[in-house]
Amino acid sequence: MCYNYKNDAASKDMKVRFKRKMKEEDEQNYKPVFKANGFSHPLMPVITQEEPELIQLYQWGPFNAFAAENERKYNTLNAISEEIFEKATYKKNIQNKRCLIPATGFYEWMHVGKEKYPFHIAIDEPIFCFAGIYNHWKDKEGIERKAYTILTTAANPIMEKIHNTKKRMPVIMPMVLEDNWLKQDLAIEEIKSLLLPYENERTLAFSVDKKVIFSEDANTPKVFERVDYPELALLMN
DNA sequence: CCAGACGTTGTT
DNA sequence: GTCTGG
DNA sequence: CCAGACGTTGTT
DNA sequence: GTCTGG
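From a predicted model like this one, the values you see are computed outputs, not experimental measurements.

Caption draft 1: Geometry of helix α1 (residues 11–18). Listed in full, the buried residues belonging to α1 are S11, M14, R17 and F18. Down the axis of α1, the smallest arc covering the buried residues is 125°, so these residues share one side. Away from the buried face of α1 by more than 90 degrees, exposed residues K12 and V16 are located. At the C-terminal side of α1, K19 shows a positive phi close to 55°.

Pasting the structure below:
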């Protein structure tokens, strides 16, 4: 779940929305993206617990050295929020390396028979955040890497219909709880209470064009244009 | 201890 | 009721 | 998470 | 490299 998302917000709009600054270098390197694919490890904006006054670029990629060397086998693009406190890879980070991951939408596929239909999902805020955790580690060359992973949870009813094979969804932090998520030294139960499926009535989804999203360069505004499939009409009621 | 795991839900 | 192995 | 376990070293 | 299940 959640290997493709959108953050097409301009840096100035993110700065206003989150009341935070960006380092000049990050602002220059930042590009709005209509479809970021986790498997190509893009640099994307995040807000970390350790430097909450900044919007910084982190890599959606291997979470540590071991994951980097075993990428085919170990995928750390998402982490199961229900198990985050028990997993060796994440348990130390969930306490004080949480982050917000700004987004304007994400993509998921509905499976119907042998066909797959892509959907764009957003919420009732134009810019929102996934809940994530991050890690700083050194690669073989001794270069510091800054990685993040998106936390997932059970699907809400709309997402159960769309992501009907796995019934999972990314944890979307309600706007009023964003600052809570970044608070230092939260108790485990307080952290768990923030890791919930997003409110169904505030989840907005529609199908998009198969051809565009499967094309060589899906990073175009057309990728999130609504396209209805008559054969899905009954399923979407 | 110590061998074996370490990750999630795609294949566009 | 609470812990933990799967 | 959540179904299933939850105990230690006698013999009376 | 580090954690943990058996």
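Now, onward.
Caption draft 2: Region of the structure containing the pairing of strand β4 (residues 43–48). Of all the six residues making up β4, five are buried; the element is thus mostly covered by neighbouring parts of the structure. The antiparallel pairing of β4 with strand β5 (residues 54–60) creates a hairpin that spans five residues between the two strands. With two bridges connecting them, β4 and strand β7 (residues 98–103) associate as antiparallel partners. Counterpart to I47 in the pairing with β7 is L100.

Procedures and definitions
Residues numbered from 1 in each chain as written. Chains lettered and ligands numbered in written order. Predicted model: local features only at pLDDT ≥ 70, side-chain atom pairs only at ≥ 80, totals over all residues. Heavy atoms only, no water. Buried < 20%, exposed > 50% of the residue type's maximum accessible area, 1.4 Å probe, protein only. Helix = DSSP H or I, 4+ residues; strand = E, 2+ residues; numbered from the N terminus. Arc of directions from axis to C-beta. Pairing = 2+ DSSP bridges.

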